[in-house]
Amino acid sequence: MAAPVVDGWFPALALGVSLLKCLFINAYHSTDFEVHRNWLAITHSLPVSRWYHENTSEWTLDYPPLFAWFEFGLSHVAQHFDRNMLVVENLNYDSPMTVLFQRLSVIFTDVVFIFAVRECCRCVQKQKGSRDVLNRPSFVLAVLLLWNFGLLIVDHIHFQYNGFLFGFLLLSVAKHLQSQHLQGALLFAVLLNLKHIYLYVAPAYGIYLLRSYCFTQDNKDGSISWRSFSPLRLITLGSIVTSVCALSFGPFIAMGQLPQVLSRLFPFKRGLCHAYWAPNIWALYNMLDKSLAILGVRLKLLEEAGLPRASMTGGLVQEFQHSVLPSVSPSITLICTLLSILPAVASIWRRPRGARGFLRCLLLCALASFMFGWHVHEKAILIAILPLSILAVESREDAGIFLVLSTTGHYSLFPLIFTPAELPIKVGLMLMFVIYSFTALRKLHSGQGTLLHPLESVYLLGLVVVAIACEIIFPLSPWQQKLPFLPLLLTSVYCSVGVCYSFLRLYVSLLRQEEKPKQL
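This one's a predicted model, so the numbers in the text were calculated from it and none came from an experiment.

## Thoughts on helix α16 (residues 382-392)
Counted residue by residue, α16 has 11 buried out of 11 residues, so it is predominantly covered. Within α16, the full set of buried residues consists of Leu382, Ile383, Ala384, Ile385, Leu386, Pro387, Leu388, Ser389, Ile390, Leu391 and Ala392.

## Points about the packing of aromatic side chains
One pair of aromatic rings is described through two measures. These are the centre distance and the angle between the planes. If you walk through the whole model with that rule in mind, you get 32 aromatic pairs. Between Trp39 and Phe67, the aromatic rings sit 6.2 Å apart at their centres with planes inclined by 80°, giving edge-to-face as the arrangement. Highlighted residues: Trp39 in helix α2 (residues 31-45) and Phe67 in helix α3 (residues 65-78), separated in sequence by 28 residues. Ring geometry for Phe67 and Phe70: centres 5.1 Å apart, planes at 55°, overall tilted. Here the residue Phe67 and the residue Phe70 both occupy positions in helix α3, the gap between them amounting to three residues, near one helical turn. Three or more aromatic residues joined by ring pairs make a cluster, and in this case those are Phe33, Trp39, Tyr63, Phe67, Phe70, Phe159, Tyr161, Phe164 and Phe168. Here Arg233 stacks its cationic end above the ring of Tyr213, 4.5 Å away from the centre of that ring.

## Side note on the state of the cysteines
On inspection of all chains with the given rule, the structure shows zero disulfides. For Cys214, which is in no disulfide, the shortest distance to another cysteine sulfur is to Cys361 and amounts to 16 Å. Here Cys214 falls in the buried class, since its relative accessible area comes to 0%. Free cysteine Cys500: the closest other cysteine sulfur is in Cys495, separated by 11 Å.

## Examining the side chain of Ser105
With respect to the helices, strands and loops of the structure, Ser105 is situated in helix α4 (residues 96-109). A residue is classified by how much of its surface remains accessible, and Ser105, at 6% relative accessible area, is buried. In this view, Ser105 contacts Leu74 and Tyr161; residues no more than four positions away in its chain are not counted.

What counts, and at which threshold
Residues numbered from 1 in each chain as written. Predicted model: local features only at pLDDT ≥ 70, side-chain atom pairs only at ≥ 80, totals over all residues. Heavy atoms only, no water. Buried < 20%, exposed > 50% of the residue type's maximum accessible area, 1.4 Å probe, protein only. Helix = DSSP H or I, 4+ residues; strand = E, 2+ residues; numbered from the N terminus. Phe/Tyr/Trp six-rings, centres within 6.5 Å; stacked < 30°, edge-to-face > 60°. Lys NZ or Arg CZ within 6 Å of the ring centre and 35° of its normal. Disulfide = S-S within 2.5 Å. Contact = heavy atoms within 4.5 Å.

Here it is as structure tokens:
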């Protein structure tokens, strides 16, 4: 299959969204802005031996070493804007020049993401008879990725560097789609050492590369040919991963600080749920626990004084004991996550189905980890939404799943931006992305049936009711003082249903593909 040509429209799309990002420079920013300013100060002002010990601020360095070196590099540019931002003791420092630098650093490092999107657009299957640029799968994919609502508000309003990191993920996926597996493995190894949340999808990478790269042939029925195993290829892969990890963690291992670094990367004393409940199975579990507790008190089956105090509504999270249902430990979430990804990784081991089979497995691993993981951040839903965009422009069924998952997943990010001034911005951006997604994908897959079932459409329309209730009615009601947690609770629980449904539909589509060889 010839790679689709990415014409002059791509630079225009990339430039347009970059200019849009510049409009948000003076918008609200979250505590993550101070987190990254503090990391700039730590890596610039302190010796390497103190990076993972420094705790003047509560926002300690808790990303892998490669990201610390990334901050170190940025700090040498930052000093030309305002040297005071690089003083560790200057907590919550946000001078105009500091804001300008940090905002521009996100916009400029997004060049990695833009390049990755361009490579992904070269990988999508070209639609037959499609002459109109606006209806080409590559064009639709570019818009869905470059103008992704979640990335715009999380990175350029809330403040983070997700675009830079997703650039490595998408570029790695593109390399696998182009059968350049060693480059794909290298990029993913670098990504893991930039941010360890991408361990969510590591099982998909590990099984796929072992099965489809280290084993060079299949039997006639598609099963594995054990004689085709290549030890040299396994050693090559292992060398790539080991070299990247050695460069990243080597200095800290030499200083005897590996346990300290790992304790920062995996802080299991944090609670089951983040301060903002991610829309996953544990949000539903927490809601059930709260409902049973309230019902038990009203029926006089439980004494209110004997119930644990809720601690999930604060800004900093901690360990939490459920009131009625059994409390969930990190080991339980790990077991649930492993069990939920097992069918997906087993599928690409038995019948690999190429790089697109790997991409589907990656999506299921990302969603399974989001659904059952410990202390999951709501922003992690983007790990599934962005790669799913690739499948959405090629398959009608995947397009329907994308519409449900992206709409609910993106709306679940609304509580991150809670300031009144930014309300029109997030609503406007969300509406533009949703309207474009629905119209473009419907036109792209026209003649192949409807993208959504009636109940799916009803569920998505329910988000409008939830939005009006949470964003307009609730702030004007007396409940705002008595029940400040209510909008977040409603948003997380309602969106959890859509995320869980999308996860199940992706698994159903995987099982259907497994049935196809048996029907031949």
